[in-house]
Amino acid sequence: MLTKKLTACIVAGAMLVSSIGLVGCSKTNSGSGKGSANGVVNLTYTTWGSTNERKAQGDAIKEFEAKNPNIKVNFQHIPTDYETKLSTMIAAKTPPDVALLNKQTALTWSEQNKIYNLKPLIDKDTEIKEDDYLHDSFVRGGPDKIVGITPCQEVFAIFYNKDMFKAANVDPLPTKAQDALTWDQFVEVAKKLTLDQNGKNASEAGFDPTKIKQYGVFFETWAWQTFLVLNDAKLLTDDYSKLNLSDPAVAETLQKFADLINVYHVCPSPAQAKTLPAPAVALQSKKVAMDYDGQWIQLDLGVAKTNFDVGVLPKIKRCTTTLYGEVEAMFQGTKHSEEAFKLLKWMTNPEGVLDLDSSGLWMPSRKAYYTDPELINKWVIKPGHSDGFKDAVMNQALNDSEPDVGYYLKNDNEIMNIMNSALDQLWMGKKTAAQVLKEIEPKAQAAYKGVYVNK
Amino acid sequence: MRKANIIRKSILYLILILLSVVCLLPFYWMLRSSLMDVSQIFVMPPIWFPHPIKFSNYKEALSILPFGRYFLNTFYIVAFVVSGTIITSSLCAYSFARIRWKGRDFVFGILMTALMLPYAVTLIPTFIGWHALGFYGTYVPLTVPAWFGGGVFNIFLLRQFFLTIPKELDEAALVDGASHFTIYSRIIIPLSKPALIVVGLFSFINTWNDFLGPLVYLDNENKYTLSLGIMQFQGMYSAQWQYMMAASTVVVLPTVLIFLIGQNYFIEGIALTGLKG
Amino acid sequence: MSTASPALDVKNRIKRSKSEKKNLAAGILFAMPVLLGFLIFVIGPMVASAYFSLTDYSIASTPKFVGFGNYKRLFSNEDPFFYKSLGVTTYYVFFSVPAQIIFALIMALLLNKEIKGRPIFRTIFYLPTIVPGVASAAIWIWLMDPDLGLLNQILSMLGLPGSKWIFSETTVIPALVLMSLWTTGGTMIIFLAGLQGIPRQLYEAIEVDGGNGWHKFWYITMPMITPTLFFNLIMGLIGGFQVFTQAYIMTSGGPNNASLFYVYYLYREAFSNFRMGSACAIAWVLFIIIAVLTFIVFKTSNKWVYYEGGGNK
């Protein structure tokens, strides 16, 4: 009896020990900071993205390794909960060497000195010059702090389904800023493209807004801060002392967009939007005629062979667009800053990630790719790019684009959480923009902590 | 009497079939999405029959990522976890249900608190701990804890079951001079088959589908598991739904199979013979 | 205890304390895995998170001690989401836990009867728990679409007004409670296992005495099921307060924070705002709430839980 108990314990113990042993044996020597063995430097690079992004970045890494035989890169594709995973690595003091990051995250972490300040490296470097890059490609956390370099610029425009325009007898959208539609013209276009189940469009009598088959326009409500530039309004006051929420121009802009949903019924409400597929698919399946979105949807549009084109944003007061983008950053814990910087430079060089640029998902961050016709032809190719792309998107990005608040607003995540949940009421038509802003202002202002740099 | 019975049974079947249809919907959605072109997946109202049927999605999905390796990795982890959980959680539950020792219930209460703190805050300290021991990038954090009781959830579950087994059986065995271990292995375990199967089933399914653990503790794609692989089809701005669903269908099948098989061992109401005495 | 013979009493007492010691040793030995596990894997992170809750810790920096500052911030309403999420979560738990238990019990009873294809039915009802969240989310969004969804169509066929389901502040929690019913497969299985453990003799005995279905249910099934019911109630409470996925996948806490579940709010604080210290404080408030409620339910269990094996005596 006692032996039985003993035996059981021994067996259990043995299995336990062997399991640790077996597993311990399979521990490989990967991971950052493992340093160099016989002159080979090991780096870790992390990114998110679907499998085609993973492939394109993976290929770029392989090319880098080929060009730099003394550097080996552990390319880690983190499919979900990206910041959670990186947080664990940082907390355990084994961050990656180089990583693709959200600019807000990079800025927040640089405040805690977790991000490597690239400025000294850039100053020393002979290859990189800020002038070679599109404006705001170097993301700054302060006057002397460069937090990261953007590998992929992004801007907003109106993407539309050409077939739907033809069917509704509507002219294609203008691609040059000087020809931009006024807001009222834009609304009229959207109305003509919104059809109910009986085939009536939103400008005709007898149109039934409860039975809409096809929407004229779609926009993501979280992108609301990008709408403001169209009305020449700003989210922050000019002296950067607080949020500019009591400015009537801000309320006016948001109200105009909300009216698309609740007054003209040309845009789906959040409820209706949930039943729509992703914008690219919605465009292709003719659920939505126009999509106010970032150029990244071109990848899916191209893959789905949608007959699409793109136009400049309509102006309320001004036709411009908002610049968006993520950054490649280095972590402070890196043991090989020179090699890591080499990798960072490569990943921000359009030459390395040409596949991603030509697919339509990314846009290069180097100016030459916007001005030199030979380079332009390398990436502005179908099916990921349409005819109107060069004027409506590429030139706008180069000449007339404002950086998104994420580039400089501190505590951006919290402020947006507060604003977005309050704005739900606006998009649902329960309150006016002015009412919502007035109510939420105290809470939002309390969360305002200033800016990293003035823009 | 007969007629009332037939009516009752028909109503019963009707309710069950209706509810079954509802429960089958997501599974069917997953299956039909795996066989369509991605542009058709989210069309509203839904297209219920894929046309054309794209069997190629399966081949493509399973070849873009090394699902063969992911399967082996997952299998390895699951084997350790399920065996460790069943063995150690039943041993521990026996202690809390059958052995009278001082402070037992108090200790049990303390153990329950392990379930009350959301993982979001224990994640980082736990991770730092494993990392300090040098086990980051290995399967240890994912497998070893199962051998330390397999989770308070399972111990609590088994405890409740063990408490329903008549004590007379224990006492009879004690009179015959049996040790605790004999009572555990000869009496309690055989009578707890349904509960043990449930524990095994849950631990299999949870480990099979777990992606957060592998996400946090693995540092190399070669060690990724099936659930992580499925997530890899998800991009920042869009996902390759058709591949994701194809992979998901394949990955879900073993769990469904194990569940179907495990049910055969749900014996119908234990017959306790030789109890009277 | 008779005091007929003091010597016998002492002998008995010594025998008892010897067997008590033996039992203590055996008890701890059998429970060793989880005791060790608790000390190694649980205590450390718990203490660490308690400590972090008293600091300003953003993961990327070293923690800075701030005493009860985080807690003060929460309770003084400086954080705009704390009380809201607590209220939302309590509201959800209050309805979903009883609803889930009752529904799972009914399903288990149904699936315990002698019907053809029983294993298949049980598997089907368990399916929603194991299919990917995105498939479930897609189905529910279709079911609950205010204009085209199946549920509203059924309601209109019955002459009832449609609902906005998860798209309105007032109906989002009831809608999520309804959704939660379908992932009760696990609870149902546990009830099934409990039902399996009821000796057939008991039912046969009642039949001999002339009892009908209701007698069987109320006098045999219910009492014998109370241990399982107790388990599902406790786990339902503990899990209910920690509900997370629906907010994460389907509603993002909206509309207008009407579904801002507590753990979703916590997760955001930790991994989106990078304020781990504050997140730990939030977690510990929840911990206390859950612990107190669980303790109360445990204490009352003596009154209503019946253990055939004699219980905890």
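Note that this is a predicted model, so its numbers are computed, not measured. (Residues numbered from 1 in each chain as written. Chains lettered and ligands numbered in written order. Predicted model: local features only at pLDDT ≥ 70, side-chain atom pairs only at ≥ 80, totals over all residues.)

**Thoughts on the overall build of chain B**
Along its length, chain B carries 13 helices and zero strands. Along chain B, from the amino end to the carboxyl end, the secondary structure elements read α-α-α-α-α-α-α-α-α-α-α-α-α. Over its C-alpha trace chain B gives a radius of gyration of 24 Å, far above what one expects of a compact globule, namely 19 Å for 277 residues. Oriented by its inertia axes, the alpha-carbon framework of chain B measures out at about 70 × 70 × 30 Å. Split into buried and exposed, the 277 residues of chain B put 53% on the buried side. Long-range contacts, defined here as pairs at least 24 residues apart, represent 76% of the contacts in chain B between residues at least 6 apart. (Helix = DSSP H or I, 4+ residues; strand = E, 2+ residues; numbered from the N terminus. Rg over C-alpha atoms; globule rule 2.2 N^0.38 Å. Buried ≥ 20, exposed ≤ 12 C-beta atoms within 10 Å, placed from the backbone. Contact = placed C-beta atoms within 7 Å.)

**Looking at the overall build of chain A**
Within chain A one finds 19 helices and twelve strands. With respect to the three principal axes, the spread of C-alpha positions in chain A is 90 × 70 × 45 Å. Taken over 455 residues, chain A has a buried fraction of 53%. Sequence separation of at least 24 residues holds for 74% of the intrachain contacts in chain A that already meet a minimum separation of 6.

**Details of the domain arrangement of chain B**
Residue and element names in this part refer to chain B. Domain boundaries in chain B define domain 1 (2-54) and domain 2 (63-263). Each of domain 1 and domain 2 has a C-alpha centre, and the two are 31 Å apart. Each partner contributes residues to the interface: domain 1 has eight residues there, and domain 2 has seven residues. Counted by class, the side of domain 1 that touches domain 2 contains five nonpolar, two polar and one charged residues. (Domains from an automatic or database assignment. Nonpolar A, V, L, I, M, F, W, Y, C, P; charged D, E, K, R; others polar.)

**So, the interface of chain A and chain C**
With 25 residues of chain A at the interface, the matching set in chain C holds 23 residues. Secondary-structure elements contributing two or more residues to the side of chain A that touches chain C are helix 3 (82-91), helix 4 (103-111), helix 10 (270-274) and helix 18 (412-427) of chain A. For the side of chain A that touches chain C, the element with the highest residue contribution is helix 18 of chain A, accounting for eight residues. Partitioning the side of chain A that touches chain C into residue classes produces eight nonpolar, eleven polar and six charged.

**Looking at the domain arrangement of chain A**
It is common to give the size of an interface as the accessible area that goes away when the parts come together. All names here are of chain A. The domain architecture assigned to chain A consists of domain 1 (40-154 + 324-401) and domain 2 (155-322 + 404-447). Using C-alpha coordinates to define each centre, domain 1 is positioned 29 Å away from domain 2. Across the contact, 25 residues belong to domain 1 and 25 residues belong to domain 2. Those elements that provide at least two residues to the side of domain 1 that touches domain 2 are helix 4, strand 6 (145-161) and helix 17 (389-399). Looking at the side of domain 1 that touches domain 2, its residues break down into nine nonpolar, ten polar and six charged.

**Concerning the pairing of strand 9 (residues 288-294) of chain A**
Residues and elements named next belong to chain A. Along strand 9, seven of the seven residues are buried, which leaves the element largely enclosed by surrounding structure. Pairing between strand 6 and strand 9: five bridges, direction antiparallel. Counterpart to I158 in the pairing with strand 9 is Y292. As paired elements, strand 8 (residues 212-219) and strand 9 share four bridges and run parallel to each other. Paired with V217 across the two strands is M290, which belongs to strand 9. (Pairing = 2+ DSSP bridges.)

**Here we look at the packing of helix 3 (residues 82-110) of chain C against helix 10 (residues 213-241) of chain C**
All names here are of chain C. The geometry of helix 3 relative to helix 10 is characterised by a closest axis approach of 9 Å and an angle of 150 degrees between their N-to-C directions. When the axes of helix 3 and helix 10 are compared, the pair comes out roughly antiparallel. Crossing geometry of helix 3 relative to helix 10 is assigned as right-handed. Contacts from T89, Y92, V93, S96, V97, Q100 and I101 in helix 3 reach N232, L233, G236, L237, G240 and F241 in helix 10. (Axes fitted to C-alpha atoms, helices over the stretch in contact; angles between N-to-C directions. Parallel < 35°, antiparallel > 145°, perpendicular 65-115°, else oblique. Left-handed = near helix turned anticlockwise from the far one by under 90°.)

**Let's talk about the environment of T228 of chain C**
Note that T228 of chain C resides in helix 10. T228 of chain C sits 193 residues away from L35 of chain C along the chain, and the two C-alpha atoms are 24 Å apart. Leaving out residues up to four positions away in the same chain, T228 of chain C has contacts with Q160 of chain B together with I190, F191 and G194 of chain C.

**Concerning helix 3 of chain A**
Residue and element names in this part refer to chain A. Burial analysis of helix 3 places seven of its ten residues in the buried class, which makes it a mostly covered element. Within helix 3, the full set of buried residues consists of Y82, K85, L86, S87, T88, M89 and I90. Count one or two residues on from helix 3 and you reach K93, which has phi positive near 65 degrees.

**With respect to the pairing of strand 5 (residues 138-142) of chain A**
All names here are of chain A. When you tally the buried positions in strand 5, you get four out of five residues, the bulk of the element. Bridge count between strand 5 and strand 6: four bridges; the pairing is antiparallel. Paired with G142 across the bridge in strand 6 is K145.

**A few points about the nonpolar core**
Ranked by size, the top nonpolar core spans 318 residues in total, and within it A157, V217 and L343 of chain A together with L266 and A283 of chain C carry the most contacts. Among the elements that make up this core, the one with the highest residue count is helix 3 (residues 67-98) of chain B (13 residues). If sequence neighbours within four positions are ignored, A157 of chain A has contacts with Q295, V310, G311, V312, L313, T321, A392 and V393 of chain A. (Core = buried A, V, L, I, M, F, W, Y, C linked by C-beta atoms within 7 Å.)

**Here's the deal with the interface of chain B and chain C**
Every contact between the two is made by 78 residues of chain B and, on the other side, 78 residues of chain C. Among the elements that line the side of chain B that touches chain C, the one with the most residues is helix 1 (residues 2-34) of chain B, at eleven residues. Partitioned by chemical class, the residues of the side of chain B that touches chain C number 56 nonpolar, 16 polar and six charged.

**So, the packing of helix 3 of chain B against helix 7 (residues 152-162) of chain B**
Residue and element names in this part refer to chain B. Relative to each other, helix 3 and helix 7 sit at 50 degrees, their axes nearing to 8 Å. Looking at the two axes, helix 3 sits oblique to helix 7. Crossing hand, helix 3 versus helix 7: right-handed. Along the contact surface, helix 3 presents T85, S89, S90, C92, A93, Y94, F96, A97 and R98, while helix 7 presents N154, I155, L158, R159 and F162. Residues that form the contact of helix 3 with helix 7 fall into these classes: eight nonpolar, four polar and two charged.

**Remarks on unusual backbone geometry**
Cis peptide bonds are those with omega within 30 degrees of zero, and the linkage from K382 of chain A to P383 of chain A qualifies with 0 degrees. Within the element layout of this structure, P383 of chain A appears in the loop between helix 16 (373-379) and helix 17. Of note, the amide linkage connecting H51 of chain B to P52 of chain B takes the cis form, showing an omega dihedral of 10 degrees. Along the polypeptide, P52 of chain B turns up in the loop between helix 1 and helix 2 (56-64). Positive phi outside glycine occurs at N113 of chain A, with the angle close to 60 degrees. Along the chain, the position of N113 of chain A falls in the loop between helix 4 and helix 5 (119-124).

**Side note on the environment of A48 of chain C**
Residue and element names in this part refer to chain C. Among the secondary structure elements, A48 is positioned in helix 1 (residues 6-52). Given 19 C-beta atoms within a 10 Å radius, A48 is considered partly exposed. Sequence separation between A48 and Y71 is 23 residues, and the spatial gap between their C-alpha atoms is 16 Å.

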